[in-house]
Amino acid sequence: MKGALEQSFSEYLGKGMENKLFVKFVYTRDFKGLAAFAVSQISIINGKPREIIRFDASEKEQTNVHRST
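Remember, predicted model here, so these are calculated numbers, not experimental data.

*Asks:* Talk me through the overall build of the chain; I want residue IDs and the actual numbers.
*Replies:* Secondary structure summary: the chain contains zero helices and five strands in total. For the chain, the α and β elements follow one another from N to C terminus as β-β-β-β-β. The C-alpha extent of the chain, read off along each of the three principal axes, is 40 × 25 × 15 Å. Buried residues in the chain amount to 14% of all 69 residues. Contacts in the chain between residues far apart in sequence, at least 24 positions, make up 14% of those at least 6 positions apart.

*Asks:* Can you explain the sheet that holds strand 5 (residues 64-67)? Please cite residues and give values.
*Replies:* One open sheet accounts for five strands, arranged 1-2-3-4-5; its pairing is antiparallel. Edge strands, defined here as strands with exactly one partner in the open sheet, are strand 1 (6-12) and strand 5. Neighbouring strand axes in the sheet, compared pairwise and without regard to direction, differ in orientation by 15 degrees on average. Of the pairings in the sheet, the one linking strand 2 (residues 19-27) to strand 3 (residues 34-45) comprises nine bridges and is antiparallel in character. Following the sheet pairing, valine 26 is matched in strand 3 by alanine 36.

*Asks:* An account of the pairing of strand 3 is requested, with residue identities and associated values reported.
*Replies:* What sits between the antiparallel neighbours strand 2 and strand 3 is a turn of six residues, in which phenylalanine 31 has the positive phi angle 60 degrees. Where strand 3 meets strand 4 (residues 48-58), 10 bridges bridge the pair, whose relative direction is antiparallel. Within strand 4, the residue paired with alanine 36 across the bridge is serine 58. In textbook terms, the turn of a hairpin is the stretch between consecutive antiparallel strands, and for strand 3 and strand 4 this stretch comprises two residues, one of which, asparagine 46, has a positive phi near 55 degrees.

Conventions adopted
Residues numbered from 1 in each chain as written. Predicted model: local features only at pLDDT ≥ 70, side-chain atom pairs only at ≥ 80, totals over all residues. Heavy atoms only, no water. Helix = DSSP H or I, 4+ residues; strand = E, 2+ residues; numbered from the N terminus. Buried < 20%, exposed > 50% of the residue type's maximum accessible area, 1.4 Å probe, protein only. Contact = heavy atoms within 4.5 Å. Pairing = 2+ DSSP bridges. Axes fitted to C-alpha atoms, helices over the stretch in contact; angles between N-to-C directions.

Printed below as a string of structure tokens:
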């Protein structure tokens, strides 16, 4: 994926700013598709940010779901 274009952003999911959605896209070199993506929910728990769940995939791996334990 060297030389690929990446785009990422995050958005708070409420006024309390304790839950955030983070999204990252990596486009193919020809910009006709995605080489990879990740979507994460991050919450503040006991004063520290913690990833609750993440969905991701790449050209080398199928879609995965990672859950906090």
